[in-house]
Amino acid sequence: MNILVSPRQYVWAVIGLAIVLLPFFTVFEAARRIGDCDASQYSDDNFLNYCWGRLYGGYEKGAYFLPTEPAALAAVKAASLLIIGDSRAGYAFSNDALDQFSKETGLAHYNLAFAGEGNRFIERLIDRHGLKPKMVIINLDGIEFFDQPRGTMQDASELMTRELPSWVQYRVKQLGQKIQRRFCHPAGPSFLCSKGDTVYRKVSNGHWLFQHRPHVAERYDIIAEPSLPPQWATRREAILEEARLFVEHMKRLGTCVVFTNIPGEDTSPSVAKAQADAVGVPFVLPELSGLRTFDHSHLAPVSGQRFAAEFVRLLRPYIAQCSSR
Amino acid sequence: MLFNSPEFIFIFLPAVLLLFHGLRVGGRPVAALWALLVASTFFYGWWNPVYLALIGLSIVGNLAVSGLIAAAPKGSVTRKAIVTSGVAANLLVLAYFKYIGFLLSIVTGISGTESPELHVALPLAISFFTFTQISYLLDVHAERTKVDNPLSYALFVVFFPHLIAGPIVHHRELAEQFVPATHKPMDWNDFAVGMTLFAGGLFKKVAIADYASTFVGPVYLNATLGRPIDFIGAWGGALAYSFQLYFDFSGYSDMALGLALLFGIRLPINFLSPYKAASLIDFWRRWHITLSQFLRDYLYVPLGGNRHGRARELFAVTVTMFLGGLWHGAGWTFVLWGLGHGVLLIVNHLWRVVANRRAIRLPSIVGWALTFLAVTVLWVVFRASDLTAAGNMLRAMADPRHVLIPTALEAHMGAFSDVFKYWGWRFDDNRPFFSVQQMVFLSGCFFIVLALPNLYEFLAGFRPALETEKFAVKASRMMWRPSLAWLVLFAVMLSYASLGTMITASEFLYFRF
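What you see is a predicted model; the values in this text were computed from it and never measured.

Scanning chain B from terminus to terminus reveals 21 helices and two strands. In summary, chain B has a C-alpha radius of gyration of 24 Å against a globular reference of 24 Å for 513 residues, a match within 12%. Principal axes of the C-alpha set define a box for chain B whose edges measure 75 × 60 × 55 Å. A total of 513 residues make up chain B; the buried ones form 57% of that total. As presented, chain B carries roughly 21700 Å² of accessible surface, and 67% of it is formed by carbon and sulfur atoms. For chain B, the centre of its 37 positive side-chain charges and the centre of its 27 negative side-chain charges are spaced 9 Å apart.

A word on the domain arrangement of chain B. The accessible area lost on association of the parts is a frequent measure of interface size. Residue and element names in this part refer to chain B. With domains assigned, chain B is organised as domain 1 (186-271 + 430-513) and domain 2 (274-402). For domain 1 versus domain 2, the distance between C-alpha centres works out to 23 Å. Residue-level contacts link 37 residues of domain 1 with 32 residues of domain 2. Summing both partners gives a buried area of about 3000 Å² for domain 1 against domain 2, and 71% of it is carried by carbon and sulfur. Applying the counting rule to domain 1 against domain 2 returns ten residue pairs in polar contact (both at pLDDT 80 or more). Contributions of two or more residues to the side of domain 1 that touches domain 2 are made by α9 (188-225), α10 (231-262) and α19 (436-451). If one sorts the elements of the side of domain 1 that touches domain 2 by residue count, α10 sits on top with eleven residues. Tallied by class, the residues present in the side of domain 1 that touches domain 2 amount to 27 nonpolar, six polar and four charged.

Residues and elements named next belong to chain A. If you trace the four strands from one edge of the open sheet to the other, you get β2-β1-β6-β7, paired in antiparallel fashion. The open sheet is flanked by β2 (57-58) and β7 (208-209), the only strands paired with a single partner. Looking at chain direction, strand β6 (residues 198-202) and β7 are connected through two bridges and run antiparallel. Bridge pairing in β7 links Y200 to L209.

Quick look at the state of the cysteines now. Residues and elements named next belong to chain A. Going through the model one piece at a time under the given rule, you end up with three disulfides over all chains. There is a disulfide in this structure between C184 and C193, and the S-S distance comes to 2.1 Å. Disulfide C184 to C193: torsion about the S-S bond roughly -85 degrees, handedness left-handed. Disulfide pairing places C256 opposite C322 at an S-S distance of 1.9 Å.

So, on to a nonpolar patch on the surface. Residue and element names in this part refer to chain B. Together, W351, V354, I360, L362, I365, V366 and L370 line one region of the surface with nonpolar side chains, adding up to about 600 Å² of accessible area. If you list the elements that add at least two residues to the nonpolar patch, you get α14 (332-358) and α15 (364-383). By residue number, the principal contributor to the nonpolar patch is α15, which donates three residues. Residue placement: V366 occurs in helix α15. On the basis of relative accessibility, which here comes to 31%, the residue V366 falls in the partly exposed class.

This next bit is on the pairing of β6 of chain A. Residues and elements named next belong to chain A. Across the five residues of β6, four count as buried, placing the element largely inside the fold. Bridge analysis of strand β1 (residues 46-51) against β6 gives five bridges, and the strand direction is antiparallel. Opposite F47, over in β6, you have R201 as the bridge partner. Connecting β6 to the next strand, β7, in antiparallel fashion are five residues, including G206 with a positive phi near 75 degrees.

Tallying each qualifying case throughout the model produces 83 aromatic pairs over all chains. Look at Y153 of chain B and F156 of chain B: their rings are 5.7 Å apart centre to centre, the planes differ by 50 degrees, and that puts the pair in the tilted class. You can see Y153 of chain B and its partner F156 of chain B sitting in helix α6 (residues 150-158), three residues apart, about one turn around the helix. The ring of F65 of chain A is capped by R128 of chain A, whose NZ or CZ atom sits 4.3 Å from the centre of that ring. Between the NZ or CZ atom of K98 of chain B and the centre of the ring of W327 of chain B, over which it lies, the distance is 5.3 Å.

What follows concerns the packing of helix α11 (residues 236-252) of chain A against helix α12 (residues 269-279) of chain A. All names here are of chain A. With their axes 10 Å apart at the nearest point, α11 and α12 run at an angle of 55 degrees to one another. With respect to α12, the element α11 is oriented oblique. Here α11 and α12 pass one another in a crossing that is right-handed. Contacts from I239, L240, A243, R244 and V247 of α11 reach α12 at Q275, A278 and V279. In the contact of α11 with α12, the residues fall into six nonpolar, one polar and one charged.

Moving on: the confidence of the model for chain B. Residues and elements named next belong to chain B. Per-residue pLDDT for chain B has a mean of 88; in total, 94% of the residues score no lower than 70. Predicted confidence in chain B is weakest over strand β2 (residues 426-427), with a mean pLDDT of 76, and strongest over α15, with 95. For this predicted complex, the interface confidence score (ipTM) comes to 0.81, while the overall pTM stands at 0.82.

What follows is about the pattern of salt bridges. Residues and elements named next belong to chain A. Evaluation of the coordinates by the stated rule reveals 32 salt bridges over all chains. The residue E117 makes a salt bridge to K61 at a minimum N-O spacing of 2.8 Å. Placement of the pair is E117 in the loop between β4 (109-111) and α6 (119-128) and K61 in helix α2 (residues 60-65), with a sequence separation of 56 residues. The buried category is assigned to E117, whose relative accessible area is 3%.

Conventions used here
Per chain, residue numbering runs from 1 following the sequence as it is written. Chains carry letters from A onward and ligands carry numbers from 1 onward, assigned in written order. Local features are withheld for residues below a pLDDT of 70 in this predicted model, meaning they are given only at 70 or higher, and side-chain atom pairs are given and counted only at 80 or more; totals for whole chains, interfaces and linings count all residues. Only heavy atoms go into the side-chain values, all of them from the structure, while hydrogens and water stay out. Runs of E in the DSSP output that reach at least two residues are strands. Runs of H or I that reach at least four are helices, and both are numbered from the N terminus. Based on C-alpha atoms, the radius of gyration is set beside the globule rule, defined as 2.2 Å times the residue count to the power 0.38. We call a residue buried when its accessible area falls under 20% of the maximum for its residue type, exposed when it is over 50%, and partly exposed in between, using a 1.4 Å probe and counting protein chains only. Calculation of accessible area relied on Shrake-Rupley with a 1.4 Å probe; when residues are assessed, cover is drawn exclusively from the protein chains displayed. Note on charges: Lys and Arg go in the positive column, Asp and Glu in the negative column, and His and the chain ends are not counted at all. Taken as the charge centre is NZ of Lys, CZ of Arg, CG of Asp or CD of Glu, depending on the residue. As annotated, the domain borders come from an automatic or database domain assignment. Residues are treated as being in contact if the distance between any of their heavy atoms lies within 4.5 Å. What gets called buried area is simply the loss in accessible area from a 1.4 Å probe that two parts show on being joined, summed for both. Between N or O atoms, a polar contact is any pair within 3.5 Å; within protein, one atom must be a potential hydrogen donor and the other a potential acceptor, and residues adjacent in sequence are included only when both atoms are from side chains. The nonpolar class holds Ala, Val, Leu, Ile, Met, Phe, Trp, Tyr, Cys and Pro. Asp, Glu, Lys and Arg form the charged class, and all remaining residues, Gly among them, are polar. Two strands pair under a simple rule: DSSP has to find at least two bridges between them. Two cysteine sulfurs form what is called a disulfide whenever their separation falls within 2.5 Å. Patch definition: residues with relative accessible area over 30% and no salt bridge; like charges joined within 9 Å; nonpolar side chains (Val, Leu, Ile, Met, Phe, Trp, Tyr) joined within 5 Å. Whenever Lys or Arg places a side-chain nitrogen within 4 Å of a carboxyl oxygen from Asp or Glu, that contact is recorded as a salt bridge. Within 6.5 Å between ring centres, the rings of Phe, Tyr and Trp (the latter by its six-membered ring) count as paired, and their orientation is classed by plane angle as stacked under 30 degrees, edge-to-face over 60, tilted in between. Working rule: Lys NZ or Arg CZ, within 6 Å of ring centre, within 35 degrees of ring normal, means a charge sits over the ring. Between the N-to-C directions of two axes lies an angle of 0 to 180 degrees, each axis being a line fitted to C-alpha atoms and, for a helix, fitted only over the stretch in contact. Just so you know how the angles are binned, under 35 degrees is roughly parallel, over 145 roughly antiparallel, 65 to 115 roughly perpendicular, and the rest oblique. Two helices cross in a left-handed way if the nearer one is turned anticlockwise from the farther one by less than a right angle. They cross in a right-handed way if the turn is clockwise. On a range of 0 to 100, pLDDT expresses the predictor's confidence in each residue.

Set out below in structure tokens:
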């Protein structure tokens, strides 16, 4: 190995060998990065949505934006009713109540919520893929959805501004999923097939699959109305302006908009309602007692089902109103 | 554009290298320099073209001022007035863009009024190109360098390998290399060494620093939010940040020097195994060397340095480190960090006096341990989002009664688990911030920074930087040569790190300063 080469040969050989090695490292990295994620829930209608492994994180945004999951995007395009918002919407609107509603009304729904995300990314996603749903339901926890300094996560910014590296990044994540699907079974290698905290997502309707997570249970009561978010005092006008622009954009597409507020600690129904009133959008808020979260923040499965069932019941008049326009 | 971004590695860099060397070898040296200037401007403007006007005005203004300085009689009041005005103008621009928000927050904090919302973005690299040009004005004034022509001066300021995060270069070091670099035949040795430095630096950044950040973020987030952090988790986070910053800045510095060498230019060494330092004084001779030299030459020495008695020296150290802290960022954490280093440097100087008088010699391991401990604790203040978060971290690091251990380890601990429980430690999976992975990672980092030679030592026989002899860079026994073994090693590093740039592109920490 101590054979000397000329500096010129060294330069070209390093470059050449580095290029040759790239595919091997790609596979290695794909497997290494997904190794902390739970591999137990893959199916033809599921993909891994989010994993709390340190090296994996979210897959959902690139799945729809690029898209690395074209079948999921096709289902989004076919849906008449889109649910958007953050993880609270992701968890609360992932149950039979929505399926039942779609069956009864003939309106296909799609849960297009993204963890921690705000309106800019959603707007870009809608424009990029020419989505024209009949109605969008927006979950406003308080102010974050329309608060740009907090509302655009780093992964979404990367997707919107650096598409080529993002494409590679999401393809590597997707490759990791394919490797897990291929090699993970009960006796699969532990470095690749762990039981880390992971949420899956259904391709056909965007529902989050999280019931398998060990800590998901009806655990914590919800405080009715916590203190108002501080940004509401300091950035109120900017937030309302952002909301107005978004709603106008939707109206230009012929899409009706409804706001709601999914209960959880740190959410603020009064602020959500104030935004709805300020921009002239219907606000649908089921008033239910006894709802519980599994982590102080997100509705647990049974509570989510109750909330969603009541929500779609209250939504029906607005659907009729929207259809008659 | 970041050195560790795919657009830089796969598009910008190959294109500029081809253009520069093509023109150069084709007998068009001036065009090669213009190409390098245009490419460097494009590199800077990629971030936000609006600020090209700022850096352009700054270059034109400083070049004009240098002409006035040179034209004024030596030692005259006019000459002093011109250089003072020039330096002040540079500092005012820096103060406006970097410190206006901080200053206003202090004023409004004192007066109790509401802080106005400012929309002043911090232009990329403003601290670096301001200091570079201040040093030029002062060097012209002291006749250490001559007034340059516009092309060479503009290239001296914007030359992309050093523009964004240093090293802070002196005009005489860099500008005199431009013309020879365009006239000499293709030097494949320089190219091979440059590529090796670049590959090594990229690997440090992508494979080590970015990985370390995954251990850092969650702990400091908890500190910011006031959530509990246990003793081991806090130390794990603090150590991980020490290594993140080390490999981030070391990687950046290697890449900067390597890139310059690809164009036949040598930059000064900026980073020389600082965690091997056995005293804080030694640490500052190894960490961000060019900034330390700038502060020493243009601040510490003019303040009196060590020529006017002990009290004046201590004053000069304190002010220098205070301003050095502030240079890194407009915030109380940076002020406290700088002052902390200032105070400890004073202690270090006083200790030296006492130790010399009484002929005390501490084992170097003790000096090393104290230095590393001080540096790591002060990095906590540097990294924390605010003083409250810093306080939360430091309190957790000082409370050994609160320890969480992953439950998976309990079965392997035997009787020790009972001992730990007796101490009040808990086996709990509820967000313990320390893992076996992290322990292995930190051990590996200690090994690399303490036991291995640095890249300049590996490359010492090939003069990878300016004045390597000044730093007594010792040639390693495992000297780099263009051999098959080194070729494979650096190809692996380059390939793995290049892939990493596409999977996780993150900013260099020093880009913010």
